[in-house]
Amino acid sequence: MGSLKLENIRKSFGKVEVLKGIDLEVEDGEFVIFVGPSGCGKSTLLRVIAGLEDATEGQVLIDGVEVSAVPPAKRGIAMVFQSYALYPHLNVRDNMGLGLKQAGSPRAEIRQRVDTASKMLGLDDYLTRRPAELSGGQRQRVAIGRAIVRNPKLFLFDEPLSNLDAALRVNTRLEIAKLHRDLKATMIYVTHDQVEAMTLADRIVILNQGRVEQIGSPMELYNHPGNLFVAGFIGSPRMNFIEAGRLGESGKGTIGIRPEHITIDPSSGEWQGKVLHVEHLGADTILYLESEKAGLLTVRLFGEHKFAPDDILHATPRREHMFRFDEAGKART
Amino acid sequence: MSRATSSLSRSIAAHAILILYTVIALFPVIVIIINSFKERRAIFRTPLALPDSETFSLIGYRTVLDQGNFLLYFQNSLIVTVVSLALVLIFGAMAAFALAEYRFRGNTLMGLYLALGIMIPIRLGTVAILELMVASGLVNTRTALILVYTAQGLPLAVFILAEFMRQVSDDLKNAGRMDGLSEYRIFFRLVLPLVRPAMATVAVFTMIPIWNDLWFPLILAPAEQTKTVTLGAQIFLGQFVTNWNAVLSALSLAIIPVLVLYLIFSRQLIRGITAGAVK
Ligand SMILES: Nc1ncnc2c1ncn2[C@@H]1O[C@H](COP(=O)(O)OP(=O)(O)OP(=O)(O)O)[C@@H](O)[C@H]1O
Ligand SMILES: [Mg+2]
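Definitions and cut-offs
- Residues numbered from 1 in each chain as written.
- Chains lettered and ligands numbered in written order.
- Predicted model: local features only at pLDDT ≥ 70, side-chain atom pairs only at ≥ 80, totals over all residues.
- Heavy atoms only, no water.
- Near = heavy atom within 4 Å.
- Polar contact = N/O pair within 3.5 Å; in protein donor to acceptor, adjacent residues only side chain to side chain.
- Areas by Shrake-Rupley, 256 points an atom, 1.4 Å probe, with all protein chains shown as cover.
- Helix = DSSP H or I, 4+ residues; strand = E, 2+ residues; numbered from the N terminus.
- Axes fitted to C-alpha atoms, helices over the stretch in contact; angles between N-to-C directions.
- Parallel < 35°, antiparallel > 145°, perpendicular 65-115°, else oblique.
- Left-handed = near helix turned anticlockwise from the far one by under 90°.
- Contact = heavy atoms within 4.5 Å.
- Nonpolar A, V, L, I, M, F, W, Y, C, P; charged D, E, K, R; others polar.
- Core = buried A, V, L, I, M, F, W, Y, C linked by side-chain atoms within 4.5 Å.
- Buried < 20%, exposed > 50% of the residue type's maximum accessible area, 1.4 Å probe, protein only.
- Buried area = accessible area lost by both parts, 1.4 Å probe.
- Salt bridge = Lys/Arg side-chain N within 4 Å of Asp/Glu carboxyl O.
- Domains from an automatic or database assignment.
- Pairing = 2+ DSSP bridges.

Focus: the site of ligand 1
Then comes step 1: Near ligand 1, the surroundings consist of 13 residues, among which Ser 38, Gly 39, Lys 42, Ser 43 and Thr 44 of chain A are the closest.
Then comes step 2: Each of chains A and B places residues next to ligand 1.
Then comes step 3: Measuring from an oxygen atom of ligand 1, one finds a side-chain N or O atom of Lys 42 of chain A at 2.7 Å.
Then comes step 4: Here ligand 1 has 630 Å² of accessible area as a free molecule, and 63% of this is covered by the chains.
Then comes step 5: With four residues, the top contributor of residues to the shell around ligand 1 is helix α1 (residues 42-50) of chain A.

As structure tokens, then:
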């Protein structure tokens with residue numbers, strides 16, 4: 001129980017159209033991630049699903065039932081907000097239990113569910129504290145706990161980890177993955193972070209300016225991007241784009257090659273170029289190469305390499321990993 | 001604290017300035033209080049001296065308490081101030097919440113309309129107000145004063161509170177909605193506590209002018225039964241003779257209730273003024 005269907009969702013604020021017709025089906029138990037550049041409407045879409053905003057047009061169906069007349073609290077949805085949004089005047093236990101209390105659950109049951117959730121998240125020792133007395137990571141766990149306690153059909157996460165530092169983010173990411181396995185609930189998750197998207201998602205929905213660019217599993221998007229936008233958005237560092245004409249290929253369009261699919265040789269290769277900058281990341285080395293033929297290239301090499309700026313190198317793309325896009329930016333098949 | 005900000009000479013200078021300001025601000029109040037305990041001749045001969053055994057006298061207070069119904073006046077002032085204050089705060093906060101939280105046609109226009117009263121003094125409408133009160137039979141009632149003061153206080157209250165309420169996190173309100181709180185609960189339990197400092201600021205700025213006002217009590221409610229303290233104290237100010245003992249005593253007494261109210265709000269007030277400056 002917990003499938004979601006969006007049919008042609010549109011949302012305007014005044015004259016500005018923020019969502020321009022979104023169709024999406026999410027199956028029960030799926031983990032779907034929305035990614036897209038800032039301001040593309042991810043949070044707005046999430047709020048429409050939750051019922052916190054009314055869609056200007058279109059339908060939201062939860063478990064096949066149209067929910068436009070159902071208030072947020074009755075949709076069987078729980079939401080975790082980017083800014084935690086804990087009630088400052090309540091302690092952790094009451095923060096987690098408030099939703100159930102409002103729904104009229106018996107006290108014993110609230111107690112028991114809060115206890116279960118807090119054990120799951122390691123919050124046992126903090127139940128009597130106020131939010132102000134918790135660290136950022138603990139607050140985020142309380143926010144997640146507040147969602148779990150309500151035992152929802154559908155979880156909505158709006159960039160839940162973006163306020164945490166790197167180490168904590170990895171931990172919490174693992175916790176969320178585990179949570180999804182344990183609860184088997186449907187989850188919709190908004191993030192800016194590529195790694196989060198690639199590691200957590202069953203399917204990724206790429207949004208751009210209020211439209212869906214492509215939907216697919218992480219590897220589908222990585223291996224078969226449908227257009228230039230998706231190709232540029234998924235993968236880090238970004239894919240190199242080269243005008244087809246420069247490489248002497250027939251027809252107009254763009255060639256894409258990922259930084260990790262270029263090999264480097266000091267003496268021979270297809271594209272000769274000069275090193276502009278080198279980034280040593282330990283496991284990887286990132287080279288920025290100014291080549292005559294292909295323009296500025298980003299190259300990702302595994303392991304340590306002792307290249308320095310102004311070295312002359314030769315880059316060779318691995319043909320089988322090249323992407324071709326037509327003039328309009330769509331992938332050629 | 002860092003070395004640079006804690007040097008002795010700087011801190012002395014800062015304190016000197018603050019002390020000077022305090023003295024200037026408190027001086028008239030202290031003169032009033034000192035002199036209210038002296039007999040008439042001493043008030044004029046040595047206005048700055050503390051009362052001693054010779055000049056000490058409670059004659060002023062005795063006059064005030066004997067003559068007229070000062071207790072009643074106090075009661076009137078308190079009722080009018082407290083009720084108006086309560087109405088301003090509750091209606092102001094609710095209007096501010098609506099303006100800050102909901103998108104509806106004419107939202108901005110409504111906000112401007114409500115703020116108009118800040119720029120146009122309510123006294124310009126005195127004649128119309130008086131006619132209105134006469135027509136509705138409210139002359140010489142505390143209700144008349146309460147209505148006028150509520151109208152007078154609302155614009156600034158709405159303006160300040162709406163600004164503060166816009167800063168309350170949307171996520172928090174939305175979290176409340178997800179948990180099934182009604183809009184009223186969200187307003188009273190989540191938003192109001194977070195804008196408490198702003199409420200205190202508004203309370204003080206609303207309360208003082210109401211307590212001190214002479215204009216509307218004189219015009220709308222000059223009857224013995226509905227006189228306020230400020231109006232009541234006027235009986236001692238004659239055209240030819242002024243009973244200074246009584247005037248000073250009445251004024252001293254009038255300070256007490258505002259002082260109490262102010263102390264209640266002031267902790268919050270300081271937080272309101274410095275909000276955003278810290279953190
Ligand atoms: N209440 C509102 N009134 C007017 N415009 C709004 C409102 N909320 C959002 N918008 C606009 O809608 C667009 C999408 O906003 P949204 O918050 O959904 O972006 P987002 O994809 O979540 O961005 P981010 O990744 O930065 O959080 C933005 O251009 C924003 O200015
Ligand atoms: Mg957002």
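The structure having been displayed, the exposition proceeds.
Focus on the packing of helix α3 (residues 107-121) of chain A against helix α4 (residues 136-149) of chain A
Residue and element names in this part refer to chain A.
Then comes step 1: Interhelical geometry of α3 versus α4 gives an angle of 140 degrees and a closest axis separation of 9 Å. On the basis of the axis angle, α3 is oblique to α4. Here the hand of the crossing between α3 and α4 comes out right-handed. Contact residues: α3 offers Arg 113, Val 114, Ala 117, Met 120 and Leu 121, while α4 offers Arg 141, Ile 144, Gly 145, Ile 148 and Val 149.
Then comes step 2: When its residues are assigned to classes, the contact of α3 with α4 shows seven nonpolar, one polar and two charged.

A few points about the nonpolar core
Then comes step 1: Phe 34 and Ile 49 of chain A are the most contacted members of the largest nonpolar core, which totals 79 residues.
Then comes step 2: Broken down by element, this core gets its largest block of residues, nine residues, from helix α4 (residues 70-101) of chain B.
Then comes step 3: Look past the residues within four positions of Phe 34 of chain A in its chain and what remains in contact with it is Leu 24, Lys 42, Leu 45, Leu 46, Ile 49, Ile 188, Tyr 189, Val 190, Thr 191, Val 205 and Leu 207 of chain A.
Then comes step 4: Tyr 84, Leu 127, Ile 144 and Ala 197 of chain A belong to the second largest nonpolar core, which has 42 residues in total.

Some thoughts on the interface of chain B and chain A
Then comes step 1: Contact with chain B, which involves 16 residues of that partner, is made by 24 residues of chain A.
Then comes step 2: At the boundary of chain B with chain A, total buried surface from both sides reaches about 1,600 Å², with 60% on carbon and sulfur atoms.
Then comes step 3: Of all residues in chain B, Asp 171, Met 178 and Asp 179 of chain B give up the largest surface area on contact with chain A, accounting jointly for 43% of the area buried on that side.
Then comes step 4: Seen at the junction of chain B and chain A, the total is two salt bridges.
Then comes step 5: Between Arg 103 of chain B and Glu 53 of chain A there is a salt bridge, with the nearest N and O atoms lying 2.7 Å from each other.
Then comes step 6: Between chain B and chain A we count seven residue pairs in polar contact (both at pLDDT 80 or more) in total.
Then comes step 7: Of all the secondary-structure elements, those providing two or more residues to the side of chain B that touches chain A are α8 (170-178) and α9 (183-194) of chain B.
Then comes step 8: With seven residues, α8 of chain B is the single largest residue contributor to the side of chain B that touches chain A.
Then comes step 9: Of the residues belonging to the side of chain B that touches chain A, the class tally is six nonpolar, four polar and six charged.

Points about the domain arrangement of chain A
All names here are of chain A.
Then comes step 1: Assigned domains of chain A: these are domain 1 (4-231) and domain 2 (238-325).
Then comes step 2: Computed from C-alpha coordinates alone, the two centres of domain 1 and domain 2 are separated by 38 Å.
Then comes step 3: The largest contributions to the domain 1 side of the interface with domain 2 come from Tyr 222, Leu 228 and Ala 231, which together make up 77% of the buried area.
Then comes step 4: At the junction of domain 1 with domain 2, the criterion picks out zero salt bridges.
Then comes step 5: Along the contact surface separating domain 1 from domain 2 lie two residue pairs in polar contact (both at pLDDT 80 or more).
Then comes step 6: Those elements giving two or more residues to the side of domain 1 that touches domain 2 turn out to be α7 (218-223) and α8 (228-233).
Then comes step 7: The greatest single-element share of the side of domain 1 that touches domain 2, amounting to three residues, is contributed by α7.
Then comes step 8: For the side of domain 1 that touches domain 2, the per-class residue count stands at five nonpolar, two polar and no charged.

Considering the pairing of strand β11 (residues 240-243) of chain A
Residues and elements named next belong to chain A.
Then comes step 1: What you see with β11 is a clean split: Asn 240 and Ile 242 sit on the buried side and Phe 241 and Glu 243 on the side with no burial.
Then comes step 2: The sheet contact formed by β11 and strand β12 (residues 254-257) spans four bridges and is antiparallel. Paired with Glu 243 across the strands is Thr 254, a residue of β12.

A word on the pairing of strand β1 (residues 4-13) of chain A
Two faces belong to every sheet, and in a regular strand the side chains alternate between them.
Residue and element names in this part refer to chain A.
Then comes step 1: In the sheet, β1 pairs with strand β2 (residues 16-26) via eight bridges, with the strands oriented antiparallel. By the bridge assignment for β2, Ile 9 is matched with Ile 22.
Then comes step 2: Counted between consecutive antiparallel strands, the loop separating β1 from β2 contains two residues, among which Gly 14 sits at a positive phi close to 60 degrees.
Then comes step 3: Note: β1 against strand β4 (residues 57-62), five bridges, orientation antiparallel. Counterpart to Lys 5 in the pairing with β4 is Leu 61.

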